[in-house]
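Read off the chains here:
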Amino acid sequence: MRNKISLLLMIVTTGLVVVSCKKVVDLKPTHTIDGDLFFNTVGDYEFALNAAYDRLKQNSMYAGVNGGSIFLCAVDVAGDNFYGGPANLGAMNPYFRWNYTADEASVQGGWDAVYNVIQQANITLRGLQRFRATDPLTVNRIEGQARALRAYMHFEAMRWWVDDYARNSQEPGIPYVDTFNVELMPARGTVEQTYDAMEADLKIAKELLSDIDEPIQSISSAAATNRAYIDSLVCNAMLARMYLYAGEADSAIKYSSMVIAARPLANTAEFPLIWQDGTTREVVWSIKFQAGDAALAREIYQPAGDQLSWRPVSALLNLYDPADVRSAAYWVNRNGRMVLNKYFAKTTAGASPDGVTDYKVFRTGEMYLIRAEARANKGLDAAALADLNALRAARNAATGTESGTALQIAIAIERRKELVVEGHRFFDLKRTTRSISRTQNCSSFCSLGSGSRAWNLPVPQTEMIANDNMEQNPGY
């Protein structure tokens, strides 16, 4: 029957072509549509933007199991905060061992994940401007969020795939894709060009988001305190982090100060609730995870049977005084083993923790540390110490009187304590000391020197094959 239908269709189609070939050629194809015209209303672009946010929860982006995400757990595992536990079945071993390869699945997955979000942001922006004349404030709101998402995803890629973070570096950057074109084969450009594009996108986004049709954080059904969307304040946080990496201290101070003024630090009673999604105090931007979504950081805390793929090193745990509110908020002793408690469960999860909690991408605590580090780098020790002590006091930790090199070391230690498993440790080492020395349970893969290729991931092999303009990182 199938063959008969195919034969009949072929005969009919052939007849039509013979009778009216010219008309067929002249007609606009009905099975395709101009991408710029795919969305008919400005509301259609809302759906496209929501899809971009949803892609942040891809298995290889910020969620995942069995080493799926390279932007959370792998960042600490590749550093010096964890070592393999007895239940480790190999998840994230390539990052702990620094032996990732161009055909490693998680390397491919991470690259694809960031560019999938970028692709969706570009789809959101395509054709949007034709509604500016009739609905400019809505266009501002949508365009601003899409531009900021695009810029930040390029920053995430830069942290793993770029060797030199200096603002004017002429070393290879990452391909900055600012248009939707499936046939595009972008070159990497330089680090300086990558920064130029990110900075431009974020500053335009910040300006657009200051003049919009409705408050962004109340778009959802959640209360106005919801921090699940990107507004101008989130752009400030993104710029502050970017400028810290770029070594532009004045700009890092400027934008972190804006965030600090707008979102005060949590007090000691509120702070533990941040990690149970019981409050958004000091949260600048979080990615919403709900029932049915993948778990965060499961490779490290492993709630089922209290198994633990990766254990925290004593050198990390010993940094927390018992009175420090982060000690109990971040860590818990289960059957004699210290387990990460940071992403264990929402307050409504009851006795069955599932790890489905919101990922806090930016917090005010980080902004204090950005400003402290930037001020210390400028020799403004008194102001830097004031920032450091303000954070310490808010966490019920001992304050200090450090200056000079001792102050810079203290700031680095506080970053390690405050930002554990938030996607920073390996990159903090990379952008500063550029060396790793592991001592606990370490017989191999104990040190990583400043000249190693392993500070950067390889460009995935599939990208190298498909893109003639792509340049591989040295050593791969």
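Structure shown above.
Residues numbered from 1 in each chain as written. Predicted model: local features only at pLDDT ≥ 70, side-chain atom pairs only at ≥ 80, totals over all residues. Heavy atoms only, no water.

Visitor: Describe helix α7 (residues 136-161), and please don't skip the residues or the numbers.
Guide: The terminal C-alpha atoms of α7 lie 37 Å apart, and with 26 residues this matches the ideal 38 Å at 1.5 Å per residue to within 8%. Taking burial as the measure, the 26 residues of α7 include 24 buried ones, the bulk of the element. (Helix = DSSP H or I, 4+ residues; strand = E, 2+ residues; numbered from the N terminus. Expected span 1.5 Å × (residues − 1). Buried < 20%, exposed > 50% of the residue type's maximum accessible area, 1.4 Å probe, protein only.)

Visitor: I'd like to hear about the environment of Asn 181, residue by residue, with values.
Guide: Its location among the elements puts Asn 181 in the loop between α7 and α8 (191-208). Between the C-alpha atoms of Asn 181 and Asn 122, which are 59 residues apart in sequence, the distance is 9.1 Å.

Visitor: Account for the packing of aromatic side chains, naming residues and giving values.
Guide: Within this structure, the stated rule accounts for 28 aromatic pairs. Taken together, a centroid distance of 5.6 Å and an interplanar angle of 85 degrees make the contact between Trp 275 and Tyr 330 edge-to-face. Separated by 55 residues along the polypeptide, Trp 275 in the loop between α11 (271-274) and β2 (283-287) and Tyr 330 in helix α14 (residues 325-330) bring together distant segments of the chain. A relative accessible area of 0% means that Tyr 330 is categorised as buried. An aromatic cluster of three or more residues is present, and its members are Phe 82, Phe 271, Trp 275, Tyr 320, Tyr 330, Trp 331 and Tyr 343. The ring of Tyr 368 carries the charged tip of Arg 371 above its face, separated from the ring centre by 5.7 Å. For the cation-ring pair, Arg 438 lies above Phe 96, with the distance from its terminal atom to the ring centre recorded as 3.9 Å. (Phe/Tyr/Trp six-rings, centres within 6.5 Å; stacked < 30°, edge-to-face > 60°. Lys NZ or Arg CZ within 6 Å of the ring centre and 35° of its normal.)

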